[in-house]
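# Per-entry structural report
This is what each chain is made of:
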Amino acid sequence: MAQLSKPVEPFRIKTVEPIRQIPRREREALLEAAGLNVFNIPAEKVYIDLLTDSGTGAMSDSQWAGIMTGDESYAGARSFFRLEESVRSVFGFKHVIPTHQGRAAERILFNVMLKKGDSVPSNIHFDTTRANIEFLKARPLDLAVEDAYDPDADLPFKGNMDTARLKKLLERLGPGRVPLVMLTVTNNSGGGQPVSLENIKEVNQVCAHYGVPLFFDACRFAENAFFIKKREKGYAKKSVLEIAQEMFSYADGATMSGKKDALVNIGGFVTCDDDGLAEKLKNLLIISEGFPTYGGLAGRDLEAMARGLQEALEESYLDYRTAQVAYLGGLLDQAGVPVFKPFGGHAVYVLADRFLPHIPRVKYPGWALTVALYREFGIRAVEIGGVMFGRKAERGRREVYPALELVRLAIPRRVYTSAHLEYVAEALAELYRNRDRIRGLRIVHESPYLRHFTARLEEI
Ligand SMILES: Cc1ncc(COP(=O)(O)O)c(C=O)c1O
């Protein structure tokens, strides 16, 4: 494998956590017991865990110090005001409502804003926003640009929304049936691709024209802002903070999973300017999450999130972060492994249907690849394909599959070194050489929502 330039960590390591490779026969038995679902494998039995970048990052010494100074008062904790200040300095909205994680922010926002039969467009919804919308009997719609679905189109902003389709939709349904528009930055389900500021402005104009509020699903806003700095004309000299502030200036609010670009293991929030909306959100928050100054979190979590949000905007960190993803992607590409291009902000996405052309979509090639990766190498990845987003066959109809069959190798923030990534690249290269041995699967048990978390499968 030729050498690519390695990412250099802008930190040194103060605490270590041992990881251990267990024998193959043990992994085989664990897979059987897990119903061939890597979500059911105990994490201690995983060697390199690329299941998600969500909540799996390493906190800094400053964040850990903040944990000790967290104010655990029930109401009006100092740590809440620190979070409020930190969020406002970046997002710029008046109200900051903490939640235990991103999906809780989505749940309260959608419960307040949606009614049965409404539609909610996004570039591509993430599984939790999709499920929360469907749970309320409303319709999540994906309106990403066509290039988003072309894994070979090496374009800078494949996370963009197709504004012509958005206009048509709003024209057809009328704003009364579309209570909000969402933009996922970066677009996780579409390869972790960024949205350009030009596109954000266009989406804002369409929304303003029809009087529909625009909300960001902002989990990876810092990675998105960094890509704008690197790729969009006119932004090279702006700081990532300034770019993030400009991004949010075109929105009415945001939901945030702090488990990504706030560099914490738990936490989230919803933020907006509208007083009436904020009041309704807080009323719902009190029933399920907690008092509005802690929202399902401990004071120490609020403190860590306040600090993490600022750290995520440091350019040396974002440079290293995106370089890590590009390094793994580059190694795979050089080894001939089919990968989604360009490489995103938090993960490399393997094109599972090209990796395993002998396994048809109905036999879930992406899932089969996650099983093989764990069985042979102890690596855990996640399928973003037919099991996660497929629609079950109903009343004589065939199962419907999403456009892309992907396996995501999500890189936890500040956790793994280049040597770990090289191990992953070599493992995938070897699997690719022996791909004929990997078999298709069928689902033997599934639940009605987010079936990938609990599904059980067997090999055919
Ligand atoms: C784009 C996107 N939105 C929302 C969420 C949900 O956040 P959480 O896992 O904190 O509930 C995620 C989590 O992975 C995500 O990637």
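Look up a bit, the structure's there.
Residues numbered from 1 in each chain as written. Predicted model: local features only at pLDDT ≥ 70, side-chain atom pairs only at ≥ 80, totals over all residues. Heavy atoms only, no water.

We now examine the site of the ligand. Near the ligand you find 15 residues, and of these Arg 103, Asn 188, Asp 217, Ser 257 and Lys 260 are the closest. Interatomic distance of 2.9 Å between a side-chain N/O atom of Gln 101 and an oxygen atom of the ligand. The side chain of Asn 188 places a nitrogen or oxygen atom 2.8 Å from an oxygen atom of the ligand. When the ligand is considered free in solution it has 390 Å² of accessible area, and contact with the protein chains removes 97% of it. Top contributing element to the shell around the ligand by residue count: helix H4 (residues 102–113), with three residues. (Near = heavy atom within 4 Å. Polar contact = N/O pair within 3.5 Å; in protein donor to acceptor, adjacent residues only side chain to side chain. Areas by Shrake-Rupley, 256 points an atom, 1.4 Å probe, with all protein chains shown as cover. Helix = DSSP H or I, 4+ residues; strand = E, 2+ residues; numbered from the N terminus.)

In terms of burial, strand E9 (residues 347–351) is a largely internal element, five of the five residues being buried. Neither face of E9 is exposed, since Ala 347, Tyr 349 and Leu 351 on one face and Val 348 and Val 350 on the opposite face are all buried. Here five bridges tie E9 to strand E12 (residues 406–410), and the two strands are oriented antiparallel to one another. In the strand pairing of E12, Val 348 is matched with Leu 409. (Buried < 20%, exposed > 50% of the residue type's maximum accessible area, 1.4 Å probe, protein only. Pairing = 2+ DSSP bridges.)

For the rest of this paragraph, the subject is the sheet that holds strand E11 (residues 382–384). With antiparallel pairing, three strands are arranged side by side in an open sheet as E9-E12-E11. Each edge of the open sheet carries a strand with a single partner, namely E9 and E11. Across the sheet, the mean angle from the axis of one strand to that of its neighbour is 35 degrees, orientation sign disregarded. Note: E11 against E12, three bridges, orientation antiparallel. Across the sheet, Ile 384 pairs through a bridge with Leu 406, a residue of E12. (Axes fitted to C-alpha atoms, helices over the stretch in contact; angles between N-to-C directions.)

Below, the discussion takes up the packing of aromatic side chains. Inspection of the entire model under this criterion finds 17 aromatic pairs. Taken together, a centroid distance of 5.8 Å and an interplanar angle of 45 degrees make the contact between Tyr 74 and Phe 291 tilted. In this pair, Tyr 74 is assigned in the loop between helix H2 (61–69) and helix H3 (78–91) and Phe 291 in the loop between helix H10 (275–288) and helix H11 (299–311), connecting sequence segments 217 residues apart. Taken together, the ring pairs in this structure connect Phe 91, Phe 93, Phe 216, Phe 221, Phe 248 and Phe 269 into an aromatic cluster. Sitting over the ring of Tyr 317, Arg 414 keeps its end group 5.9 Å from the ring centre. Taking the ring centre of Tyr 432 as reference, the NZ or CZ of Arg 435 above it sits at 4.0 Å. (Phe/Tyr/Trp six-rings, centres within 6.5 Å; stacked < 30°, edge-to-face > 60°. Lys NZ or Arg CZ within 6 Å of the ring centre and 35° of its normal.)

In the segment running from Val 185 into Thr 186, the intervening peptide bond is cis, with an omega of -15 degrees. By secondary structure assignment, the location of Thr 186 is in the loop between strand E5 (181–184) and helix H7 (197–210). For the bond running from Lys 341 to Pro 342, omega is -10 degrees, close enough to zero to count as cis. Its identity is not glycine, yet Leu 36 carries a phi of approximately 50 degrees, on the positive side.

What follows deals with the pattern of salt bridges. Scanning all chains against the criterion turns up 32 salt bridges. A salt bridge links Lys 6 to Glu 422; its shortest N-O distance comes to 3.1 Å. Here the residue Lys 6 occupies a position in the segment before helix H1 (24–33), and Glu 422 occupies one in helix H16 (residues 418–433), the gap between them amounting to 416 residues. Note on Glu 422: relative accessible area 21%, which makes it partly exposed. (Salt bridge = Lys/Arg side-chain N within 4 Å of Asp/Glu carboxyl O.)

The strands making up a sheet associate through backbone hydrogen bonding, with each pair oriented either parallel or antiparallel. Strand order in the open sheet made by the five strands is E2-E8-E7-E6-E5, with mixed pairing throughout. Bordering the open sheet on either side are strand E2 (95–99) and E5, each of which pairs with just one other strand. Geometrically, the sheet is characterised by an average inter-axis angle of 15 degrees between neighbouring strands, direction not taken into account. Here strand E6 (residues 214–217) runs beside strand E7 (residues 253–257); their pairing, made up of three bridges, is parallel. Note that in E7 the partner of Phe 216 across the bridge is Ala 254.

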